[in-house]
Amino acid sequence: MAQPLDASIKRKYQALTIGLVAGTMILITLLAAFGVINQYIQSVLMSIGINIIFASSLNIVNGYMGEFSCGHAGFMAVGAYVSSVLSLILFTENKFTGAAVLPPQSAVFLFPLVILIGGAAAAVAGLLVAIPSFKTRDDYLAIITIAANYIIMTAINNLEVVGASRGLMGMKSTLFAMSDLIPLPWMLIWIMLFVVICVIAIKRLMGSVLGKGISAIRYDEISAEIMSVNTNRMKLLAFMFSSGLAGVGGGLFAHMLGFINPSSFNIMKSTEGMVMVYLGGMGSLSGSVLSAVFFTLLLELLRPLQILKWVFIPLLLILLMQFRPEGLLGNRELIDFLPGIKKMSRNGVPKNTGKGGPNHGTAS
């Protein structure tokens, strides 16, 4: 008889969470639209959102699956360039097709599709890592991922059609077209929406049977195979899903800046992702979110130091490995530190010592 009550509490908790997230997003949008939040604060908030997507996606491979990917920024680059080229062709006058293929104002409705196509292209590029990962691990996989990062960067550097090393620009025109139709901070809105979508997607994947198979590889790949886990399939899924989300972040990053070049996605960008993953905790989604917020704010504080900030950031990683190798949250989620909320959100009723047994009345 206790299960319906517990399910009701869980639904109320989920509704409260959705309400808080939606309310926060609406509040930020209104404050930005009326100029209460200036452009600088908006840019910091957008950078936080993109870093959340970037760190959370890398955590699928480095955290949940326990592999060691060091070239994640390469997939971010694929998403950035593919979505940027599509955006220019569809909504602006450009060097590819001349006039825009579609009315610029249609970007309000089609912009998410452009970003998702960039993410799909990045997922396909993830095959560069997924297939070699079937027979390699640890240091060897790290070398392969770094090589993939350099392969992608070198290819873009030699593609004159997308500006080669000079870079690609003009994506801001898409945002101007959206603002002309409805005067809202569209880039901020899209980034917030994609952050929520990506976090929910990762949470649902890792809570599913497929997610358990991915996590099984982290503890013992041979044992996982013995227990009928198709480890090659799990690696393929993890790498492609992780790369696809990185591509989504790359597309948003390109449109936020309005200009990209290959150096925006070099090995230093991949290092930023690893710092955020290990700072938050390997296998902790909420840890990735918290570390992305902290790391972005730290970068802003260190901005006056310019190049010297790249002395402090690797130093932060070294200190982290020495004194807190498990990161801020380890492999736990934020809810694990709030037992009252965890109890309400848990399926089934808590254990009891009544005559019905320790789990009487619960669903398995």
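Residues numbered from 1 in each chain as written. Predicted model: local features only at pLDDT ≥ 70, side-chain atom pairs only at ≥ 80, totals over all residues. Heavy atoms only, no water.

Caption draft 1: Looking closely at the environment of Arg204. Counting through the fold element by element, Arg204 comes out in helix H8 (residues 186-206). Judged by relative accessible area, which is 65%, Arg204 ranks as exposed. Taking the C-alpha atoms as reference points, Arg204 and Ala22, 182 residues apart in sequence, are found 19 Å from one another. (Helix = DSSP H or I, 4+ residues; strand = E, 2+ residues; numbered from the N terminus. Buried < 20%, exposed > 50% of the residue type's maximum accessible area, 1.4 Å probe, protein only.)

Caption draft 2: Layout of a nonpolar patch on the surface. Where nonpolar side chains cluster on the molecular surface, the patch consists of Leu305, Ile307, Leu308, Val311, Phe312, Leu315, Ile318, Leu319 and Phe323 and spans about 900 Å² of accessible area. Tracing the chain through its elements places Ile307 in the loop between helix H13 (285-302) and helix H14 (309-323). Looking at Ile307, the relative accessible area reads 66%, which means it is exposed. (Patch = residues over 30% accessible without salt bridge, like charges linked within 9 Å, V, L, I, M, F, W, Y side chains within 5 Å. Areas by Shrake-Rupley, 256 points an atom, 1.4 Å probe, with all protein chains shown as cover. Salt bridge = Lys/Arg side-chain N within 4 Å of Asp/Glu carboxyl O.)

Caption draft 3: Fine view of the pattern of salt bridges. By the definition in use, this model includes six salt bridges. In this structure, Lys235 and Glu67 form a salt bridge, with 3.7 Å as the shortest nitrogen-oxygen distance. Residue Lys235 is located in helix H11 (residues 231-257), and its partner Glu67 is located in the loop between helix H2 (39-64) and helix H3 (73-91); the two are separated by 168 residues in the primary sequence. No difference in accessibility class separates Lys235 from Glu67, as the two residues are buried. Note that Arg324 and Glu326 form a salt bridge whose closest N and O atoms lie 3.1 Å from each other. For Arg324, a relative accessible area of 34% translates into the label partly exposed. Residue classification places Glu326 among the partly exposed positions, given a relative accessible area of 38%. What emerges from the salt-bridge pattern is a single network uniting Glu67, Glu221 and Lys235.

Caption draft 4: Just the nonpolar core, in detail. In terms of nonpolar packing, the biggest core is built from 81 residues, with Met178, Met187, Ile191, Ile214, Leu252, Ile260 and Phe265 touching the most fellow members. Looking at this core, the element that brings in the most residues is H8, giving 13 residues. For Ile191, the contacting residues outside a window of four places in its chain are Met46, Gly49, Ile50, Leu252 and Met256. Formed by eight residues, the second largest nonpolar core is a distinct cluster that contains Cys70, Met274, Val277 and Leu279. (Core = buried A, V, L, I, M, F, W, Y, C linked by side-chain atoms within 4.5 Å. Contact = heavy atoms within 4.5 Å.)

Caption draft 5: Summary view of the packing of aromatic side chains. Applying the stated criterion across every chain yields a total of three aromatic pairs. Summarising the aromatic geometry, the rings of Phe111 and Trp190 are spaced 5.9 Å apart at their centres and angled 40° between planes, so their arrangement reads as tilted. With Phe111 in helix H4 (residues 107-125) and Trp190 in helix H8, the pair connects residues that are 79 residues apart, well separated along the chain. Considering the side-chain rings of Trp186 and Trp190, the 5.9 Å spacing of their centres and the 25° angle between planes classify their relative orientation as stacked. Residue Trp186 and its partner Trp190 are located together in helix H8, separated by four residues, close to a single helical turn. The pair Trp186 / Trp190 is uniform in exposure class, with both members buried. A network of ring pairs unites the aromatic residues Phe111, Trp186 and Trp190 as a single cluster. Over the ring of Phe253 we find Lys269, and its NZ or CZ is 5.1 Å from the ring centre. (Phe/Tyr/Trp six-rings, centres within 6.5 Å; stacked < 30°, edge-to-face > 60°. Lys NZ or Arg CZ within 6 Å of the ring centre and 35° of its normal.)

Caption draft 6: Quick look at the side chain of Glu272. Within the secondary structure, Glu272 is located in helix H12 (residues 267-280). With sequence-adjacent residues up to four places away left out, Glu272 is seen in contact with Phe295, Leu299 and Trp310.

Caption draft 7: Expanded view of H12. In a regular helix each residue adds 1.5 Å, so 14 residues correspond to 20 Å; H12 covers 20 Å between its end C-alpha atoms and thus fits that length. The buried fraction of H12 is high, at 12 of 14 residues. When H12 is considered as a whole, its buried residues turn out to be Lys269, Ser270, Thr271, Glu272, Gly273, Met274, Val275, Met276, Val277, Tyr278, Leu279 and Gly280. The N-terminus of H12 is capped by Asn266, whose side-chain oxygen sits 3.1 Å from the backbone nitrogen of Met268. Once H12 finishes, Gly281 follows within two positions and takes phi at roughly 125°, a positive value. (Expected span 1.5 Å × (residues − 1). Polar contact = N/O pair within 3.5 Å; in protein donor to acceptor, adjacent residues only side chain to side chain.)

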